[in-house]
Amino acid sequence: MCIRDRIDTHQQHGKEGTIFLTSVDEPSRYGVVLTEENGQVKSFIEKPQDFVGNKINAGLYLFSKSVIERIKPVPTSLEREIFPQMAKEGQLQSVMLDDFWMDIGQPKDFLTGQTLYLQHMREKDPSKLATGDNIIGNVLIDPSAQVHKDALIGPDVTIGPGVVIEEGVRIKHACVLKEATIKANTWICDSIIGWQSKIGRWVRIEGITVCAQDVSVKDELFLNGCSVLPHKVVSASIREKGTIVM
């Protein structure tokens, strides 16, 4: 998507807002957007049980500065409060998104999106992907990260700035965010490790586990499909999927 072209389109139609739409196979999971033939938004229908259309909000918008006057200094929802009023006044235009789109609001979907993005990089700009004897498949590593030569990384892994990964670590299908530390001989699969988190030695993390910011996991533990809230210390294994550490 060329943003310059989209800005030009927004300025040409003269309305306060442009909302980008995409088509989906299961519109009942989302809020459907109904439009006129010329693309002007008529109304929004939240998770319809009967089929009324398959165009949904793609989460990308362009606004004129005047839209700020619609937003009061109180908690306000664009989608539930501002957009319906703009549509009622004929001030919201839609544009179909012609690029790839997917919902990454859930951890599993986020990791799937990451995999697809890394494959896109492989096809379009493979020089940005990591290479080496300890790299398998598509892996993106920030230049400031420190990855031990005896750690095995990939496929489908992103490693953020300032991350430290020690020897013997195995990571696949995972995302390790800024300034996290993964100690020696830990195994991580299908999981997300948050900013400044510290994962101990000989830890096993799998099953769409999500560690939020500044999580500390002690040595020799097993985390399976759990969610750990920010600034928590995990000192015992979590085997039951769906567990939330608060």
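Everything that follows concerns the structure shown earlier in this document.
*Asks:* Looking at this structure, how should I read the overall build of the protein chain?
*Replies:* Within the protein chain one finds three helices and 21 strands. Structurally, the protein chain occupies a C-alpha span of about 60 × 40 × 35 Å along its principal axes. The buried share of the protein chain, reckoned over its 246 residues, is 39%. Approximately 13800 Å² of the protein chain is accessible, and the part contributed by carbon and sulfur atoms is 51%.

*Asks:* What am I meant to see in the packing of aromatic side chains here?
*Replies:* Aromatic ring pairs are described here by two measures, namely the spacing of the ring centres and the angle between the planes. Counted under the stated rule, the structure contains five aromatic pairs. Taking the centre distance of 6.2 Å and the plane angle of 20 degrees together, the rings of F44 and F83 count as stacked. Here the residue F44 occupies a position in strand β3 (residues 41–46), and F83 occupies one in helix α2 (residues 78–88), the gap between them amounting to 39 residues. Their ring planes at 70 degrees and their centres at 4.9 Å tell us that Y61 and F83 sit as a pair that is edge-to-face. Residue Y61 is located in strand β4 (residues 55–63), and its partner F83 is located in helix α2; the two are separated by 22 residues in the primary sequence. When its relative accessible area of 0% is taken as the criterion, F83 is described as buried. Ring pairs connect the aromatic residues F44, Y61, F63 and F83, which therefore count as one cluster. The ring of W187 has R204 lying over it, and the distance from NZ or CZ to the ring centre is 3.9 Å.

*Asks:* Sorry if this is basic, but what is going on with the pattern of salt bridges here?
*Replies:* Oppositely charged side chains are able to pair whenever their charged atoms sit close together. Tallied over the entire structure, the rule returns eight salt bridges. R70 is the salt-bridge partner of E89, the closest N and O atoms lying 2.6 Å from each other. Here the residue E89 occupies a position in the loop between α2 and β5 (92–96), and R70 occupies one in the loop between β4 and α2, the gap between them amounting to 19 residues. Residue E89 is classed as partly exposed on the basis of its relative accessible area, which comes to 42%.

*Asks:* Help me understand the sheet that holds strand β7 (residues 146–147) in this model?
*Replies:* Hydrogen bonds along the backbone pair up the strands of a sheet, which may run parallel or antiparallel. Spatially, the six strands line up as an open sheet ordered β7-β10-β12-β14-β17-β20, and their pairing is parallel. The open sheet is flanked by β7 and β20 (233–234), the only strands paired with a single partner. Note that β7 and strand β10 (residues 164–165) share two bridges and pair parallel. When the sheet's bridge partners are listed, Q146 is paired in β10 with V164.

*Asks:* So what exactly am I meant to see when it comes to the pairing of strand β11 (residues 170–176) here?
*Replies:* Within a regular beta strand, the side chains point alternately toward one face of the sheet and then the other, so they alternate between its two faces. Summarising burial for β11: five of the seven residues are buried, a large majority. The sheet contact formed by strand β8 (residues 152–153) and β11 spans two bridges and is parallel. Of the residues in β11, the one forming a bridge with I153 is I171. Inspection of the sheet shows strand β9 (residues 157–159) paired to β11 by three bridges, in the parallel sense. Across the sheet, the residue bridging to I159 is V176, located in β11. Direction of pairing for β11 relative to strand β13 (residues 187–193): parallel, over a ladder of six bridges. What sits directly across from C175, in β13, is I192.

Conventions and cut-offs
Residues numbered from 1 in each chain as written. Predicted model: local features only at pLDDT ≥ 70, side-chain atom pairs only at ≥ 80, totals over all residues. Heavy atoms only, no water. Helix = DSSP H or I, 4+ residues; strand = E, 2+ residues; numbered from the N terminus. Buried < 20%, exposed > 50% of the residue type's maximum accessible area, 1.4 Å probe, protein only. Areas by Shrake-Rupley, 256 points an atom, 1.4 Å probe, with all protein chains shown as cover. Phe/Tyr/Trp six-rings, centres within 6.5 Å; stacked < 30°, edge-to-face > 60°. Lys NZ or Arg CZ within 6 Å of the ring centre and 35° of its normal. Salt bridge = Lys/Arg side-chain N within 4 Å of Asp/Glu carboxyl O. Pairing = 2+ DSSP bridges.

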